[in-house]
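Understanding the architecture of this molecule
Letter by letter, the chains look like this.
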Amino acid sequence: MNKPNIKIQRLAALFVLGSLLFNYPLLALFNHPALLGGIPLLYVYVFAAWALLIGLLALVIEKK
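Residues numbered from 1 in each chain as written. Predicted model: local features only at pLDDT ≥ 70, side-chain atom pairs only at ≥ 80, totals over all residues. Heavy atoms only, no water.

**A few points about helix H3 (residues 41-62)**
In a regular helix each residue adds 1.5 Å, so 22 residues correspond to 32 Å; H3 covers 31 Å between its end C-alpha atoms and thus fits that length. Within H3 the residues assigned to the buried category are Tyr45, Ala49, Leu53 and Val60. Looking straight down H3, one finds that the buried residues subtend no more than 65 degrees of arc, so they occupy a single side. Exposed side chains of H3 directed beyond 90 degrees from the buried face belong to Phe47, Leu59 and Glu62. (Helix = DSSP H or I, 4+ residues; strand = E, 2+ residues; numbered from the N terminus. Expected span 1.5 Å × (residues − 1). Buried < 20%, exposed > 50% of the residue type's maximum accessible area, 1.4 Å probe, protein only. Arc of directions from axis to C-beta.)

Encoded structure:
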């Protein structure tokens, strides 16, 4: 396999991962009135998942 094809496959896998992370069943797990450092748990999860996806996208895009 050539490198552009692998990069496209990795980006597609990250799209699927993002779709799963922001889908209802996982969001419902974190939708509780609990606080983490004064921030609602759902907000912490959403921003952590978002940051994780951005970091993984940066790794895939910048990797030679």
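**Focus: the packing of aromatic side chains**
The full count for this structure, using the stated rule, is two aromatic pairs. With centroids separated by 4.2 Å and ring planes inclined at 10 degrees, the aromatic side chains of Phe30 and Tyr45 adopt a geometry described as stacked. Here Phe30 is found in the loop between helix H2 (24-29) and strand S1 (35-36), whereas its partner Tyr45 is found in helix H3, with 15 residues between them in sequence. Residue Phe30 is classed as partly exposed on the basis of its relative accessible area, which comes to 26%. Seen from their ring centres, Phe47 and Trp50 are 5.8 Å apart, and the 50 degrees between their planes marks the pair as tilted. Of this pair, Phe47 and Trp50 both sit in helix H3, separated by three residues, roughly a single helical turn. Look at Trp50 and you get partly exposed, because its relative accessible area is 47%. (Phe/Tyr/Trp six-rings, centres within 6.5 Å; stacked < 30°, edge-to-face > 60°.)

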